[in-house]
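Architecture at a glance
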Amino acid sequence: KETNKDESDNVVCESQSIDPSLRGVSSGLLQRIRQKEAVRAKTEMMRNPLKEKQLSIMNRLPEMCRILRSLFVTEGKAAILWDDVINKLADSHSSSLSTDQVEEHLDSLLDILPTWAKKVSVRKSTYLKINKNTGIKTLISKLQQKESQI
């Protein structure tokens, strides 16, 4: 008699722990949904760190494009020293990035938008040169297309 009582208590506890909005939904369906959620959570935990890094870089590039464009417009120069660009981007970006991270972001920007930005070496100095005639909206749309491909 006691075992039946314990089993009935478990059934009551299980039904009480179910969200009231889910009452009346079959337990089999709830179990399949929970299994799918568990599989999804497991795959999210096992994401590829390289893709995550690429996505985080891609998310920061539009702001960097805006900062670069305004930097070149305010400076009024055709090319700016690579180190100066990195330092100003590190100071101006909303998230705190080290100079190494900014350089990595700039390199990926050069790979994605080779017609807009170029790294030029003159004598012993390296400069960054951009095409000021390209609209910022065009650049951002290209970046978003590339991000959706990742």
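Each remark here, short or long, concerns the structure printed above.
First, a word on scope: everything that follows refers to the structure included in this document. Keep in mind it's a predicted model, so treat the numbers as computed, not measured.

Conventions used here
Residues numbered from 1 in each chain as written. Predicted model: local features only at pLDDT ≥ 70, side-chain atom pairs only at ≥ 80, totals over all residues. Heavy atoms only, no water. Helix = DSSP H or I, 4+ residues; strand = E, 2+ residues; numbered from the N terminus. Buried < 20%, exposed > 50% of the residue type's maximum accessible area, 1.4 Å probe, protein only. Contact = heavy atoms within 4.5 Å. Pairing = 2+ DSSP bridges. Axes fitted to C-alpha atoms, helices over the stretch in contact; angles between N-to-C directions. Polar contact = N/O pair within 3.5 Å; in protein donor to acceptor, adjacent residues only side chain to side chain. Salt bridge = Lys/Arg side-chain N within 4 Å of Asp/Glu carboxyl O.

Take the overall build of the protein next. Scanning the protein for helices and strands turns up six helices and three strands. The order of helices and strands in the protein, counted from the N terminus, is α-α-α-β-α-α-β-β-α. Considering the protein as a whole, with its 150 residues, one finds that 23% of them fall into the buried category. Pairs at least 24 residues apart make up 62% of the contacts formed inside the protein by residues separated by at least 6 positions.

Our focus in this paragraph is the pairing of strand β2 (residues 117-122). Pairing of β2 with strand β3 (residues 125-130) involves six bridges; the strand directions are antiparallel. The residue bridging Lys119 from the neighbouring strand is Leu128, located in β3. Here β2 folds back onto β3 in antiparallel fashion, the turn holding two residues, of which Arg123 has a positive phi close to 55°.

Overall, antiparallel pairing links the three strands, which are arranged β1-β3-β2 in an open sheet. Two strands lie at the open edges of the sheet, namely β1 (79-81) and β2, each paired on one side alone. Pairwise comparison of adjacent strand axes, ignoring direction, gives a mean angle of 35° for this sheet. Where β1 and β3 come together, three bridges link them in antiparallel fashion. Within the sheet, the bridge partner assigned to Ala79 lies in β3 and is Lys129. The strands touched by helix α3 (residues 49-75) within the sheet are β1 and β3, with β3 carrying the most contacts at an inclination of about 100°. Helix-sheet contacts for helix α4 (residues 82-92) involve β1, β2 and β3, and the interaxial angle to β1 is about 80°.

The next subject is the side chain of His93. Checked against the element boundaries, His93 lands in the loop between α4 and α5 (99-112). What makes His93 buried here is its relative accessible area of 6%. Within the structure, His93 has its side chain in polar contact with the side chain of Glu63 (distance 3.4 Å). A distance of 3.0 Å separates the side chain of His93 from the side chain of Ser95, its partner in a polar contact. Once you skip the residues sitting within four places of it in the chain, His93 turns out to touch Arg60, Glu63, Met64 and Ile67.

Here we take up the pattern of salt bridges. What the rule picks out here adds up to three salt bridges. Residues Lys77 and Glu75 are paired through a salt bridge, measuring 3.9 Å at the closest nitrogen-oxygen approach. Lys88 is the partner of Glu75 in a salt bridge, and the nearest nitrogen-oxygen pair spans 2.9 Å. Taken together, the residues Glu75 in helix α3 and Lys88 in helix α4 connect sequence positions 13 residues apart. For Glu75, a relative accessible area of 32% translates into the label partly exposed. Owing to a relative accessible area of 33%, Lys88 belongs among the partly exposed residues under this scheme. Overlapping salt bridges bring together Glu75, Lys77 and Lys88 as one network.

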